[in-house]
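What follows is each chain in one-letter form.
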Amino acid sequence: MTKKPFLFDLTFEELTGIITGLREPSYRAKQVWEQAYRMFVSSFDEMSNIPVKLRANLTEELNFSHITPHTDLLSSDGHTRKILFDLPDSSQVETVLMGYSVRRTACISTQAGCALGCTFCATGQGGLQRNITSGEIVEQVLFFAKELNKKEDRLTNLVFMGMGEPFANYNEVMKAIDTLTDSRGFNFGARRITVSTVGIVPMIHRFAETNNQVNLAVSLHAATDELRESMLPINKRYPIEVLMNACRDYVNTTNRRISFEWALIDGVNDSADQARELVKLLKGMTCHVNFIPLNPTRGFKGSESLQKRIDTFRNILEGAGIPNTLRIRRGIDINAGCGQLRQEAQKVQK
Ligand code: SAH
Ligand code: SF4
């Protein structure tokens, strides 16, 4: 990989250091930051308010871009766009843009692959290539922000639910959030960002202490240890009781609602028993459950739950006063589930 620092990896202070090191006034850093995060330029050369010599020096010193589209797909209904990006080495990440009614949600990857091996997840089935940097996270967001900007539209929500486990790459993810919410630049509202974790307990505690406004979602998918362990290997390390304690700690510390993710898999985790166990876990907690019918993947035999079973399951939660939503699967025809496109690309390459 090239050794030059990458613009989007830099903090504002680091960029200022580079610019003053080039014997330029520090206000130029603010201008460069604005050009990159507000004007969505594609190179230093396009920064029209920056002197030509500084543009040339910056091009010499820094990499402007790390991600290049490898595959670009639009769902048949035109509302979901998914891009598989090549990174400077041979690794790849997927990013999805969903645009329904007034929301423009980008689903961002936080690692190239994932080491945690959840059985039903295409990313988990492919393993981890590497951690990505904060700049590589940020550039996925900017890519879609720029595309929307061309149509005088803008991103409304960001979810860290693409490839990878955000809390296994904690520092880079938090740095990316700092950059994206920086009021001198992209200025994205922390309340419109959601980080999803499979349940890395120490990091949930740490995240609770950060005192930012970012939302937290936890991938639960099962309410008993035996079942959860068979689907999410991380449950051996952080069993449900430990995980739920961390979730309660998060809610108490932050006074914020927590979300739980549950992929409904026919005959696996959609029984009335599981629903009742789930009620026991969540009773009294400020939370919301998001259900999603399983997205089929190559390496997992299960299928999505039948509507009747979904209804019964949700009725049990509703009876106990636990708010929940059934999310619609988006972009199924373009393999929009996380990690599915890389799986396809690797199949073609083989
Ligand atoms: N690693 C994080 C975030 C990325 S996965 C996590 O696990 O939470 C984002 C969400 O998609 C998680 O809730 C994950 O369990 C879910 N998911 C993964 N594969 C899926 C599939 N085949 N069908 C439905 N949801 C899936
Ligand atoms: Fe990793 Fe999340 Fe997929 Fe599990 S569901 S393998 S943690 S990306």
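These notes cover the structure that comes with them. (Residues numbered from 1 in each chain as written. Chains lettered and ligands numbered in written order. Predicted model: local features only at pLDDT ≥ 70, side-chain atom pairs only at ≥ 80, totals over all residues. Heavy atoms only, no water.)

**Topic: the site of ligand 1**
Around ligand 1 there are 19 residues in total, and F120, S196, S219, H221 and N295 lie nearest to it. Between ligand 1 and the protein, one listed contact pairs a nitrogen atom with a backbone N or O atom of G164 at 2.9 Å. Here an oxygen atom of ligand 1 and a side-chain polar atom of S196 are 2.7 Å apart. When ligand 1 sits alone it has 530 Å² of accessible area, and the protein chains cover 90% of it. If you list the elements that add at least two residues to the shell around ligand 1, you get β8 (193-197) and β10 (258-264). When its residues are assigned to classes, the shell around ligand 1 shows nine nonpolar, eight polar and two charged. (Near = heavy atom within 4 Å. Polar contact = N/O pair within 3.5 Å; in protein donor to acceptor, adjacent residues only side chain to side chain. Areas by Shrake-Rupley, 256 points an atom, 1.4 Å probe, with all protein chains shown as cover. Helix = DSSP H or I, 4+ residues; strand = E, 2+ residues; numbered from the N terminus. Nonpolar A, V, L, I, M, F, W, Y, C, P; charged D, E, K, R; others polar.)

**Digging into the state of the cysteines**
By the definition in use, this model includes zero disulfides. Just so you know, C287 is unpaired, no disulfide at all, and the nearest cysteine sulfur is the one on C247, 9.2 Å from it. (Disulfide = S-S within 2.5 Å.)

**Here we look at the site of ligand 2**
As a matter of local geometry, ligand 2 sits amid C114, L116, G117, C118, C121, G124, G164 and V198. Split by residue class, the shell around ligand 2 holds five nonpolar, three polar and no charged.

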